[in-house]
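Residues per chain are reported as follows:
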Amino acid sequence: MMQVKIIPDVEAIRFGDKYSGELRLTDHHIIFIHPVTSPTNGAVSTPDATPSPPKYRESYTAYPIISQCIFRPCPSITGRPSSIRLRGRDFSLINFLFPNEAAGREAFDYIRARTCRLGSIEKLYAFSYQPLKTEKPLNGWILYDPRIEFRRQGISTKSVDRGWRVSLINKDYAFSPTYPALLVVPSKISDNVIKYAGPYRSRARIPVLTYLHSLNNCSITRSSQPLVGFRGNRSIQDEKLVSACFSASATVEFNGLEISAPETAEPSPASSQVDLRGPSPEGEMTGTERFEDELIAGSETSNGSQAAKRIYGAQQRNLIVDARPTINALAMQVVGKGSENMEYYPFAKKAFLNIDNIHVMRESLNTVIEAIKDGDISKLPPNRELLIKSNWLKHIRGILDGSALIARQVGINHSHVLIHCSDGWDRTSQLSALSQLMLDPFYRTIDGFIVLVEKDWLSFGHMFQQRSGPLSHEKWFVVERDGMAGSVMQPGESDGRAGEAFENAIAGARRFFHRNRNQDTSGEADGDSPIPTPDENPQAKRSSESPAATEATRPNEISPVFHQFLDATWQLLRQHPTRFEFNERFLRRLLYHLHAGQYGTFLYNCEKQRMDTNVRERTRSVWDYFLSRRQEFLNTDYDATVDDRQSGRERLLFPKLGDVRWWAQCFGRSDSEMNEYLDQAAAYEERIGSYAMTPTESPRKDGSRSPQPPPSPNPPGLSTSRSVLTAVETAHDALTPGLKNSATLKHSSSADTPGAFAMNLSKLREGVTSLDLSRGFFGGTDRGYPAKTDSPPKTVGEQELADMQTHLIPRSFSHEEEANGTPKIPLDNDKLSI
């Protein structure tokens with residue numbers, strides 16, 4: 001029987017407004033009930049009139065949604081009420097004031113016991129939730145069937161062989177516990193080859209198909225990082241598997257052919273054929289898109305004469321996309337992992353993206369929270385300096401940019417793409433799902449979006465339980481007992497950060513003295529951490545732990561990965577308002593239910609865990625909630641027509657990277673509060689741009705003035721471009737390491753700091769040399785590092801040219817790059833000379 005604790009005479013403060021009412025604490029929710037005064041509309045009450053009964057409003061807060069709870073006890077002698085301040089993962093903020101300290105203490109203990117002290121996921125609301133009448137006929141668990149989805153993509157034993165087959169090697173999850181039971185692999189690769197290829201990839205997450213383009217038969221595959229290590233390990237089976245993924249293709253009549261002249265009469269073609277006429281369905285290529293295409297295609301023209309005309313789709317440029325910053329991927333070789341040596345994958349190129357790891361993303365969101373955290377007690381706008389400092393929009397822009405690059409490779413350049421990061425379940429899921437959202441209109445419907453989330457997030461093993469932490473954590477519950485406890489709260493107070501700092505110091509000391517026992521470095525986090533762990537098989541270690549230990553929240557592994565995916569989807573929805581069947585509220589409610597614990601969909605880390613716990617039989621699917629209220633989530637502006645000859649109705653869509661804004665509704669703020677400074681900056685740039693386009697005059701010798709055209713803009717270099725692409729590597733680089741290009745000299749694990757890549761790489765190299773483990777570190781070769789001599793040290797530019805294995809395209813430097821300290825390198829006949 002459900003217990004309900006009632007605390008009367010409680011005041012709640014939200015957005016600076018105060019409400020008086022009653023607080024009810026149940027087993028799964030905090031319910032605040034307060035009367036609502038209805039407007040009289042100018043009516044005059046008479047003494048004989050019967051008063052209308054008061055109306056009450058109920059506000060629900062699910063316990064798992066709480067991300068911070070601060071209790072401030074105030075003795076009655078101070079005359080100040082005790083308070084509990086709550087911050088939700090949905091960015092809701094509320095402050096409860098209690099009549100006495102005892103009532104506040106009782107409420108705090110009650111909430112904490114049902115939040116971070118449950119001890120088991122099976123005690124969450126999802127396992128006792130009784131669906132509403134409208135949800136009972138639905139069964140969201142059966143909406144996604146991998147066989148049906150891949151049959152939609154054209155892969156079936158009853159249809160023409162398109163180069164792919166369904167493998168049952170993981171049907172009992174013994175081959176790869178974090179992968180789905182059904183894997184789609186190239187038809188010419190046997191299960192025996194897959195078996196031997198598995199150990200070469202982290203957690204046996206081998207390259208498998210997630211999307212096959214229905215028109216050009218080009219594929220998106222995904223995997224985890226290879227286990228290259230210092231010695232440059234290789235796997236013949238893995239190379240064969242990747243090669244088969246990039247060659248599994250049926251002939252398409254327009255693939256690689258010259259496009260007919262525009263005046264030729266022909267039926268309405270597929271989008272991929274139209275796209276060959278121009279890379280962007282929305283118009284001309286942006287500077288970022290042009291830069292990325294040139295960087296990827298660079299080696300095609302660097303070793304010979306340039307083609308007179310580039311035909312999109314005629315030159316297939318298969319791509320391995322490593323989502324990590326270059327230095328992070330290199331650092332992973334310290335623990336026996338790393339990135340592909342392209343000498344063994346000559347049929348493709350490798351592109352490094354600059355998408356940061358889960359720890360950087362978590363800190364970014366924490367900074368955003370700092371900017372808006374006073375929303376309960378104040379009507380002041382967010383702290384704009386902190387919003388900018390968070391780099392949240394930069395991260396969203398980078399994820400969209402990387403996804404658009406993949407979509408262009410598949411939909412426009414008719415190429416295959418393999419995506420991976422570290423373990424292949426965080427950044428890989430973001431890039432894979434968003435690129436498919438850009439490629440396939442089906443995924444932009446409500447049913448299709450559900451299939452996309454089920455396929456690329458749930459079945460491929462995104463660690464929802466670890467990234468969300470539904471069981472909360474003790475450190476999120478703080479009791480403040482300092483001198484500030486009895487004072488009036490003002491915006492910007494410490495909010496218990498003094499206590500948190502002490503706890504962090506203690507935790508840091510424990511990690512220092514018990515590093516080998518530390519659970520937070522178990523290797524489950526996709527954090528690009530080069531710190532070796534004593535256990536090379538963390539999955540086996542986890543299986544030996546008690547259920548309470550494996551389900552416990554680890555704050556170091558929490559990260560807003562899925563939140564970023566929803567944010568990026570909202571950016572596309574806002575920029576293309578007629579191309580999506582669902583509306584903004586659909587995404588916002590999905591983010592809420594990611595954390596609320598009411599449904600079983602997001603409670604576990606992988607398909608195997610959901611099967612082992614029988615979550616389908618014991619809980620309801622979150623899709624029941626959305627489908628039973630389908631009308632509430634429909635986009636009234638949606639146009640389902642797909643016509644590649646009409647602007648705005650093309651099959652493909654791409655993000656407008658210069659128009660990325662704050663998702664204000666998600667953060668509980670108005671659009672003007674969050675985006676006003678962006679609007680002001682855009683207006684300023686527009687004024688500057690219009691001024692620059694105005695012809696200027698220069699004096700002639702006779703004193704008159706002649707108009708001068710505005711200066712042409714500099715090409716986007718790595719230091720000034722917003723491109724997420726930081727380096728491209730080919731097999732040619734591994735065989736001819738002396739040929740380099742200045743355009744990719746500048747890499748950084750975090751931003752565009754001049755010389756950061758060289759400095760970080762130098763530090764890494766020195767550390768490796770001191771361990772005498774350097775042989776074969778770069779490129780898998782046997783060359784070691786030379787011993788230290790008294791010769792003069794190399795410059796930063798020379799050091800980078802000597803160390804880097806990435807393919808470098810001849811490119812002149814802009815003035816901004818020279819100002820940032822990058823050495824100017826002379827170019828001669830499309831080759832570098834130093």
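Here's a quick rundown of the structure. Please read all numbers here as calculations on a predicted model, not as lab measurements. (Residues numbered from 1 in each chain as written. Predicted model: local features only at pLDDT ≥ 70, side-chain atom pairs only at ≥ 80, totals over all residues. Heavy atoms only, no water.)

A word on the overall build of the protein chain. Scanning the protein chain from N- to C-terminus turns up 27 helices and 20 strands. Across the 834 residues that make up the protein chain, the buried fraction comes to 54%. In the protein chain, 74% of the contacts between residues at least 6 apart in sequence involve partners at least 24 apart. (Helix = DSSP H or I, 4+ residues; strand = E, 2+ residues; numbered from the N terminus. Buried < 20%, exposed > 50% of the residue type's maximum accessible area, 1.4 Å probe, protein only. Contact = heavy atoms within 4.5 Å.)

Here we come to the nonpolar core. In terms of nonpolar packing, the biggest core is built from 119 residues, with Phe449 and Phe565 touching the most fellow members. With 10 residues, the single largest contributor to this core is helix α11 (residues 392-411). Sequence-distant contacts of phenylalanine 449, that is, excluding residues within four places in its chain, are made with Leu437, Phe442, Tyr443, Phe565, Leu566, Thr569, Phe582, Phe586, Leu587 and Leu590. Counting 29 residues, the second-largest nonpolar core is a separate cluster that includes Cys69, Phe98, Phe477 and Tyr592. (Core = buried A, V, L, I, M, F, W, Y, C linked by side-chain atoms within 4.5 Å.)

The subject of this paragraph is the sheet that holds strand β11 (residues 219-222). Pairing in this open sheet of 6 strands is mixed, and the strands run β10-β11-β14-β12-β13-β18 from one edge to the other. A strand with exactly one partner marks an edge of an open sheet, and here the two such strands are β10 (208-212) and β18 (725-729). Along the sheet, successive strands turn relative to each other by an average axial angle of 25 degrees, direction set aside. Along the sheet face, α11 touches β11, β12 (319-322), β13 (349-353), β14 (417-420) and β18 and points at about 160 degrees away from the line of β14. (Pairing = 2+ DSSP bridges. Axes fitted to C-alpha atoms, helices over the stretch in contact; angles between N-to-C directions.)

Right, let's get into the environment of isoleucine 121. Relative to the helices and strands, isoleucine 121 is located in the loop between α1 (101-113) and α2 (146-152). Here the alpha-carbon distance between isoleucine 121 and glutamine 465, two residues 344 residues apart in the chain, equals 9.4 Å.

Turning next to the pairing of strand β2 (residues 17-25). In the case of a regular strand, side chains alternate between the two sheet surfaces. Here strand β1 (residues 5-14) runs beside β2; their pairing, made up of 8 bridges, is antiparallel. Residue pairing for β2: valine 10 is matched across the bridge by glycine 21. The loop that links β1 with its antiparallel partner β2 comprises 2 residues; one of these, phenylalanine 15, has a positive phi angle of about 50 degrees.

Before going further, it helps to examine the sheet that holds strand β6 (residues 82-88). Strand order in the open sheet formed by 8 strands is β4-β3-β2-β1-β7-β6-β5-β15, and the pairing between neighbours is mixed. The open sheet is flanked by β4 (55-62) and β15 (477-479), the only strands paired with a single partner. Mean inter-strand twist for the sheet, computed between neighbouring axes without regard to direction, equals 25 degrees. Pairing of strand β5 (residues 66-72) with β6, which is carried by 6 bridges, proceeds in the antiparallel orientation. For isoleucine 70, the partnering residue across the bridge sits in β6 and is arginine 85.

For the coordinates displayed, the defined rule picks out 34 aromatic pairs. Sitting over the ring of tyrosine 443, arginine 152 keeps its end group 5.2 Å from the ring centre. Arginine 234 extends its terminal NZ or CZ atom over the ring of tyrosine 344, reaching a point 3.9 Å from the ring centre. (Phe/Tyr/Trp six-rings, centres within 6.5 Å; stacked < 30°, edge-to-face > 60°. Lys NZ or Arg CZ within 6 Å of the ring centre and 35° of its normal.)

This next bit is on empty space enclosed by the protein. Per the stated rule, a full pass over the model turns up 9 cavities of 30 Å³ or more. Taken as a whole, the second largest cavity spans an internal volume of roughly 80 Å³. Residue lining of the second largest cavity: Pro441, Arg444, Arg579, Tyr638, Asp639, Ala640, Thr641, Val642, Gly648, Arg649 and Glu650, and that is the complete set. Considered class by class, the residues forming the lining of the second largest cavity number 4 nonpolar, 2 polar and 5 charged. (1 Å grid on protein atoms, 1.4 Å probe; cavity = no way out; pocket = protein on both sides within 12 Å on 5 of 7 lines; lining within 4 Å. Points joined across faces, edges and corners; volume = space filled by probe spheres on them. Nonpolar A, V, L, I, M, F, W, Y, C, P; charged D, E, K, R; others polar.)

Any functional reading would require information beyond the geometric quantities listed.
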